[in-house]
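Chain and residue survey
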Amino acid sequence: MQVILVHPKLKRAHTLTITRRKVLAVALGSLVLVGISTGLLSYVTVKTAIDSGLPFVAERIKSVTAAASVDKDRVAKASIDALAVKLGQMQAQLTRLDALGDRVAGMTGVKIQDLNAAKVPGRGGLEDSASRSLTIKELESAITLAAARIDQRTDHLQQVESEWVSRSVRTKLLPNSMPLPDSFMGSAFGTRIDPITGRAARHEGIDFSAPTGSPIHSAAGGIVVAAEFHPSYGNMLDVDHGNNMVTRYAHAQRLLVKQGDIVKQGQIIAEVGSTGRSTGPHLHFEVRIDGEAIDPRRYLDSGLGFGQQVAKQGK
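Bear in mind the structure is a predicted one, so any value in this text is a computation, not a measurement. Chains are numbered independently. Their residues run from 1 in the order of the written sequence. In keeping with the model being predicted, local features are shown solely for residues with a pLDDT of at least 70 and side-chain atom pairs are shown and tallied solely at 80 or more, while totals for entire chains, interfaces and linings include all residues. For side-chain calculations, the full set of non-hydrogen atoms in the structure is used, while hydrogens and water are omitted.

1. Side note on the overall build of the protein
Selection criterion: Labels follow the DSSP assignment, with helices taken as runs of H or I lasting at least four residues and strands as runs of E lasting at least two, numbered in each case from the N terminus. Using a 1.4 Å probe on the protein chains alone, a residue whose accessible area is under 20% of its type maximum counts as buried, one over 50% counts as exposed, and one in between counts as partly exposed. Contact criterion: two residues are considered in contact whenever any of their non-hydrogen atoms come within 4.5 Å of each other. The Shrake-Rupley method, run with a 1.4 Å probe, gives the accessible areas here. Residue values count only the displayed protein chains as cover.
Of the regular secondary structure elements, the protein holds five helices and 14 strands. Counting all 315 residues of the protein, 27% fall into the buried class. For the protein, the proportion of contacts with a sequence separation of at least 24, taken over those separated by at least 6, is 63%. For the protein, the computed accessible surface area is about 21,000 Å², with 59% contributed by carbon and sulfur atoms.

Structure representation (structure tokens):
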């Protein structure tokens, strides 16, 4: 749209072009101006009313402030109550964790002093009509106590794990695994009739009968300290398990490890034979502590399968 302006003082007519964009800009500017004016007028009016000390104005402001404060307190209390409920659930889980720790310790045979020192007894009962929300300080104190219990439980379970791992390692270094799982026991430890001389003699190990070539397993983890031929023991292996304990495997047909090798419990280290002073294929197995032979059954009885070997012997 165009508007033509004509005036006697004007030397010539002027033409104004009015577009939709210009109209919208003028309208928006007007609205902004009206808004600013209204805001300033309201601010001046309220400030004047407050400064004048009019009773109804002061009372209205006090009422609005009090309502806002009440809403704020209600929200804060609701948040505290929700956190307290979560804290109660966490305490219940801690109690279950206590019981689990006790069961694990009992199953592993680990005894730790003061394991139950931090336990909190179970609680319950009727709801108290006079109950109240916790204060921030009380909630912080309860959370701190729960965190301390969690740290203590973690320390205790780590102790159980450490002791269990330590015992497991020590167990693997004890000769409680059958060196010949599929064999049966021949001569036991102690005095017997020598099969070659026919005289009473001390037998310092256990004989396990098995076919030639049967795999011989290490009864425990350790280091091979001897892998050689002995006139009486034939092809012989000695494995050191620490603490001055050595196991001996004699009369082997073939040795599969050499001196200095590290062997694991259950590892195949030789094959059954009849070398040395022997009347037939078998394994002569000894356990020695400080060089003295002791009955291997002290350790094999604690392992799995030895009872089955005894049963085979009785058949």
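From this point, things continue past the structure.
2. Concerning the nonpolar core
Selection criterion: Residues belong to one nonpolar core when they are buried, are Ala, Val, Leu, Ile, Met, Phe, Trp, Tyr or Cys, and are joined through side-chain atoms within 4.5 Å.
Formed by 25 residues in total, the largest nonpolar core has its most connected members in Phe208, Ile216, Tyr249, Ile269 and Phe285. Elements supplying a minimum of two residues to this core: β6 (206-209), β9 (234-240), β10 (245-255), β12 (268-272), β13 (282-289) and α4 (297-300). In this structure, Ile269 is in contact with Ile216, His217, Ser218, Leu237, Tyr249, Leu255, Leu256, Val257 and Val263, ignoring residues within four places of it in sequence. Ile80, Leu87, Leu94 and Ala146 belong to the second largest nonpolar core, which has five residues in total.

3. Let's talk about the confidence of the model for the protein
So the rule is basically this: Confidence of the predictor at the level of single residues is given by pLDDT, which spans 0 to 100.
Of the residues in the protein, 62% have a pLDDT of 70 or more, and the chain-wide mean is 75. In the model, residues 114-126 has pLDDT below 50 throughout and makes 14 contacts with residues more than four positions away in sequence or in other chains. With pLDDT under 50 throughout, residues 304-315 is counted as low confidence; its partners more than four residues away or in other chains account for 22 contacts.

4. Thoughts on unusual backbone geometry
With phi around 70°, His251 is a residue other than glycine that occupies positive phi space. Classification of His251 as buried rests on a relative accessible area of 4%. Within the chain, Asp290 stands out as a residue other than glycine whose phi angle is a positive 55°. Structurally, Asp290 can be placed in the loop between β13 and β14 (292-294). On the accessibility criterion, Asp290 (61% relative accessible area) is exposed.

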